[in-house]
Amino acid sequence: MSNKRFDSTEQLPSIVIARQDHARLERLADDAVKERHPVGRFLMSEIRRAVVFDTNQVPDGTVRLNEWVTYRVDGGRQSETKILVCPHDLRNGLMELSVLSPLGAALLGMSVGQRMKFFSIEGGLHSVIVESVLAPAGAPLLFPAQSRRSAGRAPTSALGPDDDGPQAA
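In this report, we go over the structure that sits alongside the text. (Residues numbered from 1 in each chain as written. Predicted model: local features only at pLDDT ≥ 70, side-chain atom pairs only at ≥ 80, totals over all residues. Heavy atoms only, no water.)

### Observations concerning the nonpolar core
Okay, step 1: One finds Leu25, Leu43, Val99, Leu107, Leu108 and Val128 to be the most contacted residues of the largest nonpolar core, which totals 32 residues.
Okay, step 2: Every element with two or more residues in this core is listed here: α1 (19-34), α2 (40-49), β3 (68-73), α3 (102-107), β6 (115-119) and β7 (125-132).
Okay, step 3: With sequence-adjacent residues up to four places away left out, valine 128 is seen in contact with Tyr71, Arg72, Val73, Leu103, Ala106, Leu107, Met110, Gln114, Arg115, Met116 and Phe118. (Core = buried A, V, L, I, M, F, W, Y, C linked by side-chain atoms within 4.5 Å. Buried < 20%, exposed > 50% of the residue type's maximum accessible area, 1.4 Å probe, protein only. Helix = DSSP H or I, 4+ residues; strand = E, 2+ residues; numbered from the N terminus. Contact = heavy atoms within 4.5 Å.)

### Some words on the pairing of strand β4 (residues 80-85)
Okay, step 1: Looking at chain direction, β3 and β4 are connected through four bridges and run antiparallel. Opposite tyrosine 71, over in β4, you have glutamate 80 as the bridge partner.
Okay, step 2: Counting the residues between successive antiparallel strands, the hairpin from β3 to β4 contains six residues, one of them, aspartate 74, with a positive phi of roughly 55°.
Okay, step 3: Both β4 and strand β5 (residues 96-98) contribute to a ladder of three bridges, which runs parallel. Of the residues in β5, the one forming a bridge with isoleucine 83 is glutamate 96. (Pairing = 2+ DSSP bridges.)

### Let's talk about the sheet that holds β3
Okay, step 1: As summarised here, the arrangement of the five strands in space is β5-β4-β3-β7-β6, forming an open sheet in which the pairing is mixed. Every interior strand has two partners, whereas the edge strands, β5 and β6, have only one. Between one strand axis and the next, the sheet turns through 45° on average, direction left out of account.
Okay, step 2: Across five bridges, β6 lies against β7 in antiparallel orientation. Following the sheet pairing, methionine 116 is matched in β7 by valine 128. (Axes fitted to C-alpha atoms, helices over the stretch in contact; angles between N-to-C directions.)

Have a look at this one:
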């Protein structure tokens, strides 16, 4: 990935990472830097500037690992909704986004309404805005493990407040 910089007068959004994810993300970024992964340094810089919160104290509306995020890139007409995951957990690129991608690293820890610029692997400058961190309608029933936290907050959820949905035995 390019070492280009964008306008340094532009402020980066504040970001928050859950304590339970912080060490895992730091190891991932450190390994990526050692392996010269094109997004390793960017992810590491995001982790280092993040405010670490106790897991149960992370503010609602914050982009977290293994949870849904709806975002819009470059002011496009169509927003996208995916689950932010570590690369070794990536199973379905249509539903999941690796935190070790430029877009995934940019989204990590941002809050609804925040916008951030990032460089693609090819070096193009892009901008992403977080629109929502709630699971899309129907998602909690299809993917309960990844969206359990969001399911309780999603107004479109078919689950009751004490029902986490179907569980594997």
